[in-house]
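Residues per chain are reported as follows:
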Amino acid sequence: MTSTVRTGSGEARRRTLAEIADEAGVSVSTISKVLHDRSDVSAGTRAKVQRLLEKHGYLARQRPAATAAPPGGLIDLVINELDSPWAVELIRGAEDVLHEAGMGLVVSATHGRQKRARQWLDSLATRPTRGAILVVPELTPEQHTDLTGLGIPYALVAPIDEPAPGIPWVGATNWPGGLAATRHLIELGHRRIAVISGPERRLTSRARVDGYRSALTEAGLPFDPRLVRYGDFTHGLAHRHALELLASTDRPTAIFAGSDHQALGTYRAAAELGLRVPHDVSVVGFDDLPFADWVTPRLTTMRTPIADMTALAARMVLRLLAGQEPETTRVEVATELVVRESSAPPSGGRESDTITPAS
């Protein structure tokens with residue numbers, strides 16, 4: 001019978017590998033060695049660990065024949081959500097690099113739930129995963145301990161905050177991106193500019209808003225906190241924020257959206273209020289996903305080389321697997337303004353007075 005642990009809510013869960021290691025009086029790496037049928041474990045320890053693994057619902061994997069083993073093994077790519085073009089670009093970047101290296105890619109989604117992340121970690125030790133690329137908002141200390149104990153090198157992509165020193169990660173130039181997007185709107189003549197960003201806790205969101213605020217300061221424009229909204233990088237909450245902003249009596253003439261999906265939510269809100277983009281409100285997005293060039297009007301946005309981010313993370317993991325340190329543990333890919341049809345000068349002379357930059 002599989003042994004479980006009761007959570008505070010009464011829900012049963014399977015014991016983690018770290019808990020089994022504590023029960024056996026061994027390290028998590030020893031648990032991994034037994035699961036992978038490695039030879040450098042004493043017979044007595046192996047027998048004890050195997051009994052506990054069987055008791056708690058884990059099955060030790062037998063070592064495959066040398067002729068059946070994949071040449072390079074597997075790398076896991078863990079993504080928060082899979083149902084977006086953003087995820088497709090992330091997968092493409094990692095797959096290109098790993099295919100060239102003769103390795104396979106396993107993709108998992110956590111859907112923002114810690115339980116799903118725990119399930120992924122529990123299954124990790126039972127298959128030939130050699131490394132991981134984590135595109136998740138946050139890596140908990142427990143998850144870091146488990147990965148380290150299993151001897152699995154990993155790299156983070158777009159983490160919620162700057163990771164601890166020594167942990168490889170890849171991000172984007174979010175502050176310069178926010179600065180460039182807002183500068184573009186200011187140069188068109190807009191003076192009342194709103195921003196709808198992602199979760200306030202996320203480094204990416206804060207950096208983009210900080211860039212927005214710096215552009216206002218640079219142009220001598222006041223910062224109005226009522227024009228700053230935080231969402232979740234999806235169109236739904238952005239739609240609600242945009243409705244509130246655009247329905248106000250002193251509505252903004254431009255909105256900088258923290259993602260292309262948020263820009264779509266802004267498009268929808270404008271249409272529901274009888275406003276036209278960009279005649280009544282200019283919109284700038286962030287990411288330059290494929291649909292940015294398909295919508296009407298075509299979306300002005302900050303291009304982020306999303307596939308490059310996971311490609312760089314994959315190369316970091318490959319270097320670690322080869323026993324080499326990454327050339328750098330922190331990489332920020334450059335963002336670039338792509339001007340299309342959703343941004344234009346304010347109509348009817350609204351807020352197009354000459355702006356004198358702050359001294």
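Residues numbered from 1 in each chain as written. Predicted model: local features only at pLDDT ≥ 70, side-chain atom pairs only at ≥ 80, totals over all residues. Heavy atoms only, no water.

Draft legend 1. Inspection of the overall build of the chain at higher detail. For the chain, the helix and strand inventory stands at 11 helices and 14 strands. Burial statistics for the chain: of 359 residues in total, 50% are counted as buried. Taking contacts inside the chain between residues at least 6 apart in sequence as the whole, the part at least 24 apart equals 72%. Carbon and sulfur atoms make up 53% of the accessible area of the chain, which totals about 16,600 Å². (Helix = DSSP H or I, 4+ residues; strand = E, 2+ residues; numbered from the N terminus. Buried < 20%, exposed > 50% of the residue type's maximum accessible area, 1.4 Å probe, protein only. Contact = heavy atoms within 4.5 Å. Areas by Shrake-Rupley, 256 points an atom, 1.4 Å probe, with all protein chains shown as cover.)

Draft legend 2. The arrangement of the pairing of strand S7 (residues 169-172) in detail. Across the two faces of S7 the burial is the same, with Trp169 and Gly171 and Val170 and Ala172 all buried. Where S7 and strand S13 (residues 330-333) come together, four bridges link them in parallel fashion. Its bridge partner being in S13, Val170 is matched across the sheet by Val331. (Pairing = 2+ DSSP bridges.)

Draft legend 3. Fine view of empty space enclosed by the protein. Under the definition given, this model contains one cavity of 30 Å³ or more. If you add up the space inside the largest cavity, you get close to 30 Å³. Class assignment for the residues of the lining of the largest cavity results in five nonpolar, five polar and two charged. (1 Å grid on protein atoms, 1.4 Å probe; cavity = no way out; pocket = protein on both sides within 12 Å on 5 of 7 lines; lining within 4 Å. Points joined across faces, edges and corners; volume = space filled by probe spheres on them. Nonpolar A, V, L, I, M, F, W, Y, C, P; charged D, E, K, R; others polar.)

Draft legend 4. Broad picture of the nonpolar core. Counting 65 residues, the largest nonpolar core has Ile133, Val157, Tyr212, Ile255 and Phe256 as its most contacted members. A per-element tally of this core places helix H11 (residues 306-321) first, with seven residues. Ignoring sequence-local partners within four residues, the contact set of Val157 consists of Leu90, Ile133, Leu134, Val135, Val136, Val170, Met309, Thr310 and Ala313. Membership of the second largest hydrophobic core comes to 14 residues, among which are Leu124, Leu134, Val136 and Leu150. (Core = buried A, V, L, I, M, F, W, Y, C linked by side-chain atoms within 4.5 Å.)

Draft legend 5. Spatial organisation of the environment of Leu124. Among the structural elements, Leu124 can be located in helix H5 (residues 114-124). With a relative accessible area of 0%, Leu124 lands in the buried category. Distance from Leu124 to Leu147, taken between C-alpha atoms, is 9.0 Å for residues 23 residues apart in sequence. Those residues in contact with Leu124 that sit more than four places away from it in its chain are Asp76, Thr129, Leu147, Leu150 and Ile152.

Draft legend 6. Representation of the layout of surface pockets in the model. Taken as a whole, the largest pocket encloses approximately 690 Å³ of empty space. Broken down by class, the residue content of the lining of the largest pocket amounts to 10 nonpolar, 10 polar and seven charged.

Draft legend 7. Quick look at the pattern of salt bridges. Tallying each qualifying case throughout the model produces 14 salt bridges. Across the pair Arg268 and Glu272 runs a salt bridge whose closest N-O atoms are separated by 2.9 Å. Placement of both Arg268 and Glu272 in helix H10 (residues 260-272) is noted, with a separation of four residues, approximately one turn of the helix. According to the relative accessible area criterion, Glu272 is partly exposed, its value standing at 45%. The closest approach of N and O atoms between Arg340 and Asp288, which form a salt bridge, is 3.0 Å. With Arg340 in the segment after strand S14 (336-338) and Asp288 in the loop between strand S11 (282-287) and strand S12 (300-303), the pair connects residues that are 52 residues apart, well separated along the chain. Considered together, Arg340 and Asp288 belong to a single accessibility category, that of buried residues. Salt bridges here are not isolated pairs; linked through shared partners, they connect Asp288, Asp293, Arg298, Arg303, Arg340 and Glu341. (Salt bridge = Lys/Arg side-chain N within 4 Å of Asp/Glu carboxyl O.)

Draft legend 8. Summary view of the packing of aromatic side chains. The tally for this structure, following the rule as stated, stands at two aromatic pairs. Seen from their ring centres, Tyr212 and Phe223 are 6.4 Å apart, and the 70 degrees between their planes marks the pair as edge-to-face. Taken as a pair, Tyr212 in helix H8 (residues 203-218) and Phe223 in the loop between H8 and strand S9 (228-230) lie far apart in primary sequence, 11 residues in all. According to the relative accessible area criterion, Tyr212 is buried, its value standing at 0%. Ring geometry for Phe256 against Phe286: centres 6.3 Å apart, planes inclined by 40 degrees, an arrangement best described as tilted. (Phe/Tyr/Trp six-rings, centres within 6.5 Å; stacked < 30°, edge-to-face > 60°.)

Draft legend 9. Main features of the pairing of strand S4 (residues 104-109). Sheet topology places strand S3 (residues 74-79) next to S4; six bridges connect them, and they run parallel. Paired with Val78 across the two strands is Ser108, which belongs to S4.

Draft legend 10. Representation of the confidence of the model for the chain within the structure. Averaged over all residues, the pLDDT of the chain equals 82, while 82% of them reach at least 70. Within the chain, the element-level pLDDT minimum falls on strand S1 (residues 4-6), averaging 39, and the maximum on strand S10 (residues 254-257), averaging 98. Confidence drops under pLDDT 50 across residues 1-13; counting only partners more than four residues distant or on other chains, this segment forms 20 contacts. Contacts of residues 352-359 to residues separated by more than four positions or lying in other chains number 17 contacts, the stretch itself having pLDDT below 50. (pLDDT = per-residue confidence, 0-100.)

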